[in-house]
Amino acid sequence: MLGVLLAANKFNTPEGGFHPQDSELLRSLCQQANTSMEKCRLFIRLRSLLQGTQELNSERDMKTLIGSITVRAKELLNAERCTLFLLDNSGTELWSYVTDASKKSNEKSADTVIRVPLGQGIAGTVASTGEPFIVKDAYLDPVFDASMDKATGFRTRAVMCYPIIGDAGHVM
């Protein structure tokens with residue numbers, strides 16, 4: 001539910017009462033309002049995505065770029081954490097910086113590089129299959145590898161992971 005639309009005191013009726021057809025009109029207006037508000041929200045998110053894309057395209061430092069992408073993804077998805085993994089030159093593992101660690105002392109710093117073998121865990125599986133992966137409770141899914149949580153001190157719950165496909169059709 002986005003909210004409510006309240007009408008009070010109909011003009012030109014005794015005691016300001018509404019008719020049954022008014023209820024149908026208000027219901028229809030609420031449906032249209034929902035559609036319009038959803039389109040407006042989508043437009044705002046797309047505009048933010050476009051601004052982010054323009055900023056990202058001007059970045060030339062990989063570490064800064066990874067940080068910018070993860071921050072933008074967190075904002076757009078309202079996510080607690082985002083990590084961008086890249087396939088290494090050998091094509092056998094993914095790597096990333098821990099870019100948005102919280103201030104908890106047990107979490108790794110932003111200078112820490114984390115590595116995941118291709119095919120291992122959710123990120124490694126998505127990189128090897130090229131297929132998106134969504135799970136509501138990571139610890140209940142056999143693909144999830146809790147070692148990343150242990151390494152970073154973070155507690156993963158729900159996960160949504162999509163491949164980044166390069167121009168040649170390969171996962172980057």
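Cut-offs and rules
Starting from 1, residues in each chain are numbered consecutively following that chain's sequence as written. Only residues with pLDDT of 70 or above have their local features reported here, since the model is predicted, and side-chain atom pairs are shown and tallied only from 80 upward, although totals for entire chains, interfaces and linings are computed over all residues. In computing side-chain values, all of the structure's heavy atoms are included and hydrogens and water are not. DSSP calls a pair of strands paired once it identifies at least 2 bridges connecting them. To qualify as a helix, a DSSP run of H or I must reach at least 4 residues; to qualify as a strand, a run of E must reach at least 2; elements of each kind are numbered from the N terminus. Like-charged residues within 9 Å of one another, or nonpolar side chains (Val, Leu, Ile, Met, Phe, Trp, Tyr) within 5 Å, are grouped into patches, provided each residue has over 30% relative accessible area and no salt bridge. What sets the accessible areas is the Shrake-Rupley method with a 1.4 Å probe; for residues, cover comes only from the shown protein chains. A side-chain nitrogen of Lys or Arg and a carboxyl oxygen of Asp or Glu constitute a salt bridge if their distance falls within 4 Å. Think of it in three bands: with a 1.4 Å probe and only protein chains considered, a residue is buried below 20% of the maximum accessible area for its type, exposed above 50%, and partly exposed in between. A pair of Phe, Tyr and Trp rings is counted when the ring centres sit within 6.5 Å of each other, with Trp represented by its six-membered ring. The angle between the planes then sorts it: under 30 degrees is stacked, over 60 is edge-to-face, the rest tilted. Here, a charge over a ring is recorded when the distance from Lys NZ or Arg CZ to the ring centre is within 6 Å and its angle to the ring normal is within 35 degrees. Residue contacts are defined here by distance: any two heavy atoms, one from each residue, within 4.5 Å place the two residues in contact.

Undergrad: What am I meant to see in the sheet that holds strand β2 (residues 93–97) here?
TA: Strand pairing in a sheet is mediated by backbone hydrogen bonds. Such pairs are either parallel or antiparallel. Strand order in this open sheet of 3 strands is β1-β2-β3, and the pairing throughout is antiparallel. Two strands close off the open sheet at either side, each with one partner strand: β1 (86–87) and β3 (113–117). Looking at chain direction, β1 and β2 are connected through 2 bridges and run antiparallel. Within β2, the position partnered with Leu87 by the bridge is Leu94.

Undergrad: For this particular structure, what's the right way to read a nonpolar patch on the surface?
TA: A contiguous nonpolar surface patch, about 440 Å² in accessible area, is contributed by Leu77, Ile134, Met160 and Tyr162. Accessibility expressed as a relative area gives 48% for Met160, which makes it partly exposed.

Undergrad: Looking at this model, I keep getting lost on the packing of aromatic side chains. Mind explaining?
TA: The relative placement of two aromatic rings is captured by the distance of their centres and the angle of their planes. Tallied over the full model, the rule gives 1 aromatic pair. Its end group placed over the ring of Tyr139, Arg155 keeps NZ or CZ at 3.8 Å from the ring centre.

Undergrad: Honestly, helix α3 (residues 121–129) in this entry has me stumped. Any pointers?
TA: Structural remark: α-helix, 3.6 residues per turn; residues separated by three or four positions point the same way. Within α3, 7 of the 9 residues are buried, which leaves it mostly tucked inside the rest of the structure. Taken residue by residue, α3 has Gly121, Ile122, Ala123, Gly124, Thr125, Val126 and Ala127 as its buried positions. Close packing links the buried residues of α3 with β2, β3, β4 (133–135) and β5 (159–161). A positive backbone phi angle near 75° is found at Gly130, which sits one or two residues after α3.

Nothing here speaks to function; it is all geometry.
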